[in-house]
Amino acid sequence: MTDSNGDGKLEVKQASKEVKESENVAEKYSAMTVKNTDMNVGELSAAFTAVPTHKSVKKQIQFANQEDKQEFSKFPTKAGRRSLSRSISQSSTDSYSSAASYTDSSDDESSPRDKNQVNSKGSSDFCVKNIKQAEFGRREIEIAEQDMSALMALRKRAQGEKPLAGAKIVGCTHITAQTAVLVETLVALGAQCRWTACNIYSTQNEVAAALAESGVAVFAWKGESEDDFWWCIDRCVNTEGWQANMILDDGGDLTHWVYKKYPNVFKKTQGIVEESVTGVHRLYQLSKAGKLCVPAMNVNDSVTKQKFDNLYCCRESILDGLKRTTDVMFGGKQVVVCGYGEVGKGCCMALKALGAIVCITEIDPICALQACMDGFRVVKLNEVIRQMDMVITCTGNKNVVTRDYLDRMKNGCIVCNMGHSNTEIDVASLRTPELTWERVRSQVDHVIWPDGKRVILLAEGRLLNLSCSTVPSFVLSITATTQALALIELYNAPEGRYKQDVYLLPKKMDEYVASLHLPNFDAHLTELSDEQAKYMGLNKNGPFKPNYYRY
């Protein structure tokens, strides 16, 4: 080849370019302030009158059922001590770690149980992946605090009163930066805390390290085995010279471990706060059987949890999780969402907004009618399963997507779960010799049929948003503030206010939590005049709706 001047052959020179990467991490973040409301925490506690509820549920409490652990080792995994054995509660294996974690469990395959670690204060009463990650975890916590200003305001307002002084709280939740803000708030309010993870994959290792460095007894790390999971719970509960008098649970594993293994501790507990569908079901079962010997607060069915955490959080995190794992284009995709409760509604809103063609499956005629009025087709899964590009479960039930449905899916169908437990998709039925599992990236498996068909399974059927992405700190602030107030109320309630039953949060508490978050939007509430309040039969300071009101 010659150049334009005919001077001979064109010389092609190759040059290499260096791309330098840099990381810029903010050193400090200052907390946002929230305007004070008229009530202090002491006045708020005295004003609460919770409403007992009695719900009949069909879900049975399941305890340890050991299965073949060797079978699971055939499939790709990053966790060094993973097992297939099922837990007492399926909620213990419902999600992976947040994608925001700085570190991965594959960095160090040794078990934290085999390490001797000490924090800067000389304490070794914890078990985390690597205490040296505490600095990174502290930065994540500081970032989360910026969008959890209501919880920070509660901490600032109540820490002088120390309403949880003397409280010994044992907690079992997802250990993320947002949870750490809650734990440190409880400590600031006077509580002593011991904490473990409600899920073997959801822990952010650096956040757990930061909590351990601050003096909180934390027993959790990403990629725990089944044995590790129960060992961590036991270490939180069974420690010399310390006995829990309050329980904060997510899924019911901790509650039932204490109930079965330490009945004397359970009987002396002053209260239980539970935030998940699964855990609440189990509390109602204990209550119905006459075995619940302590009062319990049902945070899951509070208005602030249902309408904000379940609806708005899932509306944003469903897309985040799907995009991070599959890079899928939503426009024109055929999607079926199983369940049109608050979680399902949030998912459908987001998918529809990006052009997906969404249909719904439902058992409840009221929810089904809502779906129809919102513009969605209500179908049976067996009617549409062959045409679907995505199948998303949001029911909280079990065996919603069975092997028969999985066999009939088309090539490339994406299957995931947005419900609490990993029971909705029958993943166990896919662990058979004729099917091949291929790990294509973190949290993404291709399950290959003998004819070459591939189904894309996300997070092995566990909770998608906490497994494959992150969730908004602001929404978690609403739930965390509700949990903190529920603990304060149960701990300070006069004898006789709460009996051995499950209670809904009082409307006053829901309204108070909402009011704490309004300043973030520079929102200004209209006040009733005396004449208007009298006409409506309301107190000018609330509550503004009766307990039976459905928002």
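Check the entry above for the structure.
Described in the following lines is the structure provided in the data block. As the structure is a prediction and not an experimental result, all values here were calculated from the model.

Cut-offs and rules
Residues numbered from 1 in each chain as written. Predicted model: local features only at pLDDT ≥ 70, side-chain atom pairs only at ≥ 80, totals over all residues. Heavy atoms only, no water. Axes fitted to C-alpha atoms, helices over the stretch in contact; angles between N-to-C directions. Helix = DSSP H or I, 4+ residues; strand = E, 2+ residues; numbered from the N terminus. Parallel < 35°, antiparallel > 145°, perpendicular 65-115°, else oblique. Left-handed = near helix turned anticlockwise from the far one by under 90°. Contact = heavy atoms within 4.5 Å. Nonpolar A, V, L, I, M, F, W, Y, C, P; charged D, E, K, R; others polar. Polar contact = N/O pair within 3.5 Å; in protein donor to acceptor, adjacent residues only side chain to side chain. Pairing = 2+ DSSP bridges.

The next subject is the packing of helix α7 (residues 226-237) against helix α8 (residues 253-261). For any two helices packed against each other, the geometry is given by the interaxial angle and the distance between the axes. Following both chains from N to C, one finds α7 and α8 inclined at 65 degrees, their axes separated by 11 Å at the closest point. Taken together, the axes of α7 and α8 lie roughly perpendicular to each other. As α7 runs across α8, the sense of the crossing is right-handed. Of the residues in α8, those touching α7 at Phe229, Trp230, Ile233, Asp234 and Val237 are Asp253, Leu254, Trp257 and Val258. Across the contact of α7 with α8, the residue classes tally to seven nonpolar, no polar and two charged.

Moving on, we get to the side chain of serine 473. Relative to the assigned elements, serine 473 resides in helix α17 (residues 473-492). Among the polar contacts listed, one links the side chain of serine 473 to the side chain of glutamine 178, at a separation of 2.8 Å. Setting aside anything within four residues of it in sequence, one finds serine 473 in contact with Ala144, Asp147, Met148 and Gln178.

Attention now moves to the environment of leucine 516. Mapped onto the fold, leucine 516 is located in helix α18 (residues 507-517). In sequence terms leucine 516 and alanine 150 are 366 residues apart; their C-alpha atoms lie 5.2 Å from each other.

Sheet strands pair by backbone hydrogen bonding; their relative direction is either parallel or antiparallel. Here eight strands make up an open sheet; going across it, the order is β10-β9-β8-β11-β12-β15-β14-β13 and the pairing mixed. Only two strands of the sheet have a single partner each, and these edge strands are β10 (377-378) and β13 (436-441). Lying over the sheet, helix α11 (residues 303-326) contacts β11 (390-393), β12 (414-417), β13, β14 (444-448) and β15 (454-458), oriented at roughly 130 degrees with respect to β15.

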